[in-house]
Amino acid sequence: MAPGAVHLPDWLGPRRQRELLAACREWARPPAGLRTVRTPGGGTMTARQVCLGLHWYPYAYARTAVDGDGAPVKPMPGWLADLGRRAVTAAYGTPPPPAEACDIALVNFYDGDSRMGMHRDAEERSGAPVVSLSLGDSCLFRFGNTATRGRPYRDVELRSGDLFVFGGPSRLAYHGVPKVLPGTAPPELGLAGRLNITLRVGGLGA
C-alpha cells in the first residue's frame, strides 16, 4: 500500500476469527465495556469502542474508563500481544524487538451506518507499528499520507480475517473507514457488522 504499510488478506483463518469474536463479546461486557465515544466538540463517533490495557479517549489514554463507567480498564491479554507480534513478523518478515510488545488494544464495532473519519494514531509515544485485524462485514478502508487528511490516498477493501500493519514511514499516516458493506460477513461467523481490533505499543511507561 505504501512504505511500511502491508495488507495481508485472509491472515486469520475461520477458527481464529471465531475465537477472536468470542473474546470481543466478553470484553464488551461491563465494567469498562463497549461504549460510545464522545468527541471534545460534543459529537459522537458512530463506531462504538472497548479498550484493553489502556483506555483511549479523545485524545489521550487513561487507566480507567474516564468517559464511560470509570471502571479500571481490562488488561491486555498476553495471547493477544503475541498475536500482534506474529502479525508484525508476517507483515515485515522479521519479528519486532521485545521492547515493542503490544500493550494496548482498541476494539471498534461498526454497524452498517458507521464511519470513521480520516485520523492519525498519534497518542502513543512509541513508533512501533499498528496492527489492524478485521472481523465480520467488509469495509472500504482509506489509507492516506502523513501530511493531510486529503489526497493522495488509496482505498482497499478489508474483509473478515484480513491483516493490515502500518509502521515506519507510514506510522502516522491518516486513515479512515468511509463505508461499511453490510451483509458481507462470513455467515458461519455469526456477526452482523464489523469489528476492527487495533493493537498498539503505547510507550507510555508504568
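It should be noted that the structure appears before, not after, this text.
About the cut-offs
Residues numbered from 1 in each chain as written. Predicted model: local features only at pLDDT ≥ 70, side-chain atom pairs only at ≥ 80, totals over all residues. Heavy atoms only, no water. Salt bridge = Lys/Arg side-chain N within 4 Å of Asp/Glu carboxyl O. Helix = DSSP H or I, 4+ residues; strand = E, 2+ residues; numbered from the N terminus. Buried < 20%, exposed > 50% of the residue type's maximum accessible area, 1.4 Å probe, protein only. Expected span 1.5 Å × (residues − 1). Contact = heavy atoms within 4.5 Å. Arc of directions from axis to C-beta. Phe/Tyr/Trp six-rings, centres within 6.5 Å; stacked < 30°, edge-to-face > 60°. Lys NZ or Arg CZ within 6 Å of the ring centre and 35° of its normal.

Caption draft 1: Quick look at the pattern of salt bridges. Per the counting criterion, the structure on display carries ten salt bridges. Of the charged contacts in the structure, one is a salt bridge between E19 and R15, with a shortest N-O distance of 3.4 Å. A residue pair is termed a helical-turn pair when its members lie 3 or 4 positions apart in one helix, as E19 and R15 do in helix 1 (residues 14–27) at four residues. Of the charged contacts in the structure, one is a salt bridge between R200 and D121, with a shortest N-O distance of 3.4 Å. Residue R200 is found in strand 12 (residues 194–200), and its partner D121 is found in the loop between strand 6 (116–119) and strand 7 (130–136); the two are separated by 79 residues along the sequence. There is no split in this pair, since R200 and D121 are both buried. Look at the salt bridges and you will find they share partners, linking D121, E124, R171 and R200 into a network.

Caption draft 2: Structural detail: helix 1. Taking 1.5 Å of rise per residue, 14 residues should cover 20 Å, and helix 1 covers 20 Å from first to last C-alpha, within 8% of that figure. Lining the buried residues of helix 1 we find strand 2 (48–52), helix 2 (78–92), strand 5 (104–110), strand 7 and strand 12.

Caption draft 3: Structural view of helix 2. Look at helix 2: 21 Å from first C-alpha to last across 15 residues, which is about the 21 Å you get at 1.5 Å a residue. Buried within helix 2 we find L80, A81, L83, G84, A87, V88 and A91. Down the axis, helix 2 shows its buried residues gathered within 155 degrees of arc, on one side only. Following helix 2 by one or two positions, G93 has its phi on the positive side, about 90 degrees.

Caption draft 4: View of the packing of aromatic side chains. Counting across every chain of the model gives seven aromatic pairs. Judged by centre distance (5.0 Å) and plane angle (65 degrees), the ring pair of F141 and F164 falls under edge-to-face. You can see F141 sitting in strand 8 (residues 138–143) and its partner F164 sitting in strand 10 (residues 163–166), a full 23 residues away along the chain. Since its relative accessible area comes to 6%, F141 is described here as buried. An aromatic cluster is built from F141, F143, F164 and F166, whose rings are joined through pairwise contacts. R194 extends its terminal NZ or CZ atom over the ring of Y110, reaching a point 5.2 Å from the ring centre.

Caption draft 5: Fine view of the environment of G168. Its place among the elements puts G168 in the loop between strand 10 and strand 11 (175–181). Separated by 41 residues in sequence, G168 and G127 place their C-alpha atoms 7.5 Å apart.

As far as function goes, none of this settles anything; it's purely spatial.
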